[in-house]
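Structural description and commentary
Each chain is listed here by its residues.
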Amino acid sequence: FLVTEHRLAEFHSELELLSKDDLECAEVQFSAQLERALVVGTYERVLAARNSTPNNEAYGPFMELLVDTVRQTIADCASAAYESLDVGSFRQMLMLSSDAELQQFAQTSHPEWVLSEGRVVFAAPVTAKSERVPATRLIKENLAYATELERIV
């Protein structure tokens, strides 16, 4: 579950608590491989892994959550990096089987996107998080803290 929520640090911490025998279990190894793929950013491995789960009955719901998480991550990165993409290329990136699935994904997850003339046009870029951070104020506060700490010591 931690992997599907993209809480990878917590998942890794839990892995460290397992015994050597537990770590050799096929289900644990499969989950660890998914976590590694997410950390490295090989999302196609994660999306392809839904067809090779050790226990499809138990993993099915979690894999669907994970696939949604990965698709959202890919979509967010693509919309930040490009103004628009070819529908076929973007559908392939998201590992969707049809343009209708892409249309459904866009409508439910990103209604601000426009699909026209064979392209997915992403919404106007929002200001980067770094532009919203009051850098000057933070620098002044940190300098004041450092000065005050120096006086104490």
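This section reports on the structure supplied with the text. Numbers given for residues are sequential positions, taken from 1 along each chain in its written order. In view of the model being predicted, local features appear only for residues whose pLDDT reaches at least 70, and side-chain atom pairs are presented and counted only at 80 or more, with totals across whole chains, interfaces and linings using the full set of residues. Hydrogens and water are ignored here; the side-chain numbers use all heavy atoms of the structure.

Structural notes on a nonpolar patch on the surface
Think of a patch as exposed residues, more than 30% relative accessible area, with no salt bridge, where like charges cluster within 9 Å and nonpolar side chains (Val, Leu, Ile, Met, Phe, Trp, Tyr) cluster within 5 Å. The Shrake-Rupley method, run with a 1.4 Å probe, gives the accessible areas here. Residue values count only the displayed protein chains as cover. The working definition used for a salt bridge is a side-chain nitrogen of Lys or Arg within 4 Å of a carboxyl oxygen of Asp or Glu. A grouping of L149, I152 and V153 is seen on the molecular surface, where their side chains present a nonpolar patch of about 380 Å² in accessible area. Here a strand is any run of E in DSSP of at least two residues, a helix any run of H or I of at least four, and the numbering for each starts at the N terminus. Mapped onto the elements of the fold, L149 is located in helix α9 (residues 135-152). Working definition: with a 1.4 Å probe on protein chains only, accessible area under 20% of the residue-type maximum means buried, over 50% means exposed, and in between means partly exposed. What makes L149 exposed here is its relative accessible area of 54%.

Concerning the side chain of H110
Within the fold, H110 resides in the loop between α7 (99-109) and β2 (114-116). Apart from the residues within four sequence positions on either side, H110 is in contact with Q72, A75, D76 and F105. Contact between two residues is taken to exist if any of their heavy atoms lie within 4.5 Å; hydrogens are not considered.

Brief notes about helix α3 (residues 26-40)
The α-helix winds at 3.6 residues per turn, so residues separated by three or four positions along the chain end up facing the same way. Expected span of a helix, by definition, is 1.5 Å for each gap between consecutive residues, and there is one gap fewer than residues. The end-to-end C-alpha distance of α3, which contains 15 residues, comes to 21 Å, matching closely the 21 Å that a straight helix rising 1.5 Å per residue would cover. When α3 is considered as a whole, its buried residues turn out to be V28, F30, S31, A32, L34, E35, A37 and L38.

Overview of the packing of aromatic side chains
For Phe, Tyr and Trp, rings pair up if their centres lie within 6.5 Å, where Trp contributes its six-membered ring, and each pair is then called stacked (planes under 30 degrees apart), edge-to-face (over 60) or tilted (otherwise). Per the stated rule, a full pass over the model turns up four aromatic pairs. With a centroid separation of 5.5 Å and 65° between ring planes, the pair formed by F90 and W113 is classed as edge-to-face. Of this pair, F90 sits in helix α6 (residues 87-93) while W113 sits in the loop between α7 and β2, placing them 23 residues apart in sequence. As far as the burial class goes, F90 and W113 line up, both buried. Relative to F122, the ring of W113 lies with its centre 4.9 Å away and its plane at 75°, an arrangement referred to as edge-to-face. Like F122, W113 is buried. Here a set of aromatic residues connected by ring pairs shows up, and it is made of F90, F105, W113 and F122.

Focus: α9
An ideal rise of 1.5 Å per residue puts 26 Å on 18 residues; α9 measures up with 26 Å between its terminal C-alpha atoms. For α9, the buried fraction is low: zero of the 18 residues fall into the buried class.

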